[in-house]
Amino acid sequence: MLETVLMVLEFIVCIALIGAVLLQSGKGGGVGGTFGGSDGAFFGKGNDLDTLMAKATIILGCAFAVITLALAKLNA
């Protein structure tokens, strides 16, 4: 029973994580941006949606990892 609940929860977190990653805007201009092509990547604040999506990605990634480890422990 617990295994089924965790699997469904992992599926939901996985779909949300994919959505959070896809909703983020691109940060750089490739290799050119690394060597000074764009100063906005280092000095620009970015908008609130990008900040929210970055935090959501971190939280969902951690949740995905914890649920995966819990499922592995239950099946071992």
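As a reminder, the structure under discussion sits directly above these lines.
Residues numbered from 1 in each chain as written. Predicted model: local features only at pLDDT ≥ 70, side-chain atom pairs only at ≥ 80, totals over all residues. Heavy atoms only, no water.

Draft legend 1. Seen up close, the side chain of Glu10. Along the chain, Glu10 turns up in helix H1 (residues 2–23). Put simply, Glu10 is tucked away with no salt bridge, and the nearest opposite charge, on Lys73, sits 17 Å away. Looking at Glu10, its side chain comes within polar contact range of the side chain of Thr68, at 2.5 Å. Not counting residues within four places of it along the chain, the set of residues in contact with Glu10 comprises Phe64, Ile67, Thr68 and Leu71. (Helix = DSSP H or I, 4+ residues; strand = E, 2+ residues; numbered from the N terminus. Buried < 20%, exposed > 50% of the residue type's maximum accessible area, 1.4 Å probe, protein only. Lys, Arg positive; Asp, Glu negative; His and termini not counted. Salt bridge = Lys/Arg side-chain N within 4 Å of Asp/Glu carboxyl O. Polar contact = N/O pair within 3.5 Å; in protein donor to acceptor, adjacent residues only side chain to side chain. Contact = heavy atoms within 4.5 Å.)

Draft legend 2. Main features of the packing of H1 against helix H4 (residues 48–75). Where H1 meets H4, the axes come as close as 9 Å, and the angle between the chain directions of the two elements is 155 degrees. Classified by the angle between their axes, H1 and H4 sit roughly antiparallel to one another. Two packed elements cross with a definite hand, and for H1 against H4 that hand is left-handed. (Axes fitted to C-alpha atoms, helices over the stretch in contact; angles between N-to-C directions. Parallel < 35°, antiparallel > 145°, perpendicular 65-115°, else oblique. Left-handed = near helix turned anticlockwise from the far one by under 90°.)

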